[in-house]
Amino acid sequence: QVQLVESGGGLVQAGGSLRLSCAVSGRTFSMYVMGWFRQAPGKEREFVGGIRWSYGSTRYADSVKGRFSISRDNANNKVYLQMSSLKPEDTAVYYCAVGATVGAIPVARSNYDAWGQGTQVTVSS
């Protein structure tokens, strides 16, 4: 049993930066990969990026490469999504999730077992 709570969302101007946080609590024995997803109005939830908890290796969607960065704070069980050069098309509800798969960081939602409540990010043009 894992609980995830996102925070840090808000309104930001295009070109600006924002950092999202995900606090993890509960049983973490199966917490192998942490993923960030987002869902814009009228669209499906899509993979943004992920990080292997043990290794720190990361993977990003092409749409955010070079702009977003994922990091983790092992001591405090937190994962961060640092977003820069934000664009209006980044507007979405952002979710963090945990999965137990090994190997390459998965992009499909079905690989993640627990999800946070989401935090709204709005980028104005």
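Everything that follows concerns the structure shown earlier in this document.
**Student:** What's the story with the state of the cysteines in this structure? I'm lost.
**Tutor:** One covalent bond between the sulfur atoms of two cysteine residues makes up a disulfide. All chains considered together, the criterion is met by one disulfide. The disulfide bridge from C22 ends at C96, spanning 2.1 Å between sulfur atoms. Its S-S torsion of about 65° marks the bond between C22 and C96 as right-handed, since a negative value means left-handed. Of the two residues, C22 sits in strand β3 (residues 18–26) while C96 sits in strand β9 (residues 92–99), which places them 74 residues apart along the sequence. For the pair C22 and C96, a shared accessibility class is recorded, and that class is buried.

**Student:** So what exactly am I meant to see when it comes to unusual backbone geometry here?
**Tutor:** Across residues other than glycine, the phi torsion is negative in most instances, and most of the peptide bonds are trans. Unusually for a residue other than glycine, N77 sits at a positive phi of about 50°. Note on placement: N77 falls in the loop between β7 (68–73) and β8 (78–83). Owing to a relative accessible area of 27%, N77 belongs among the partly exposed residues under this scheme.

Rules used in this analysis
Residues numbered from 1 in each chain as written. Predicted model: local features only at pLDDT ≥ 70, side-chain atom pairs only at ≥ 80, totals over all residues. Heavy atoms only, no water. Disulfide = S-S within 2.5 Å. Helix = DSSP H or I, 4+ residues; strand = E, 2+ residues; numbered from the N terminus. Buried < 20%, exposed > 50% of the residue type's maximum accessible area, 1.4 Å probe, protein only.

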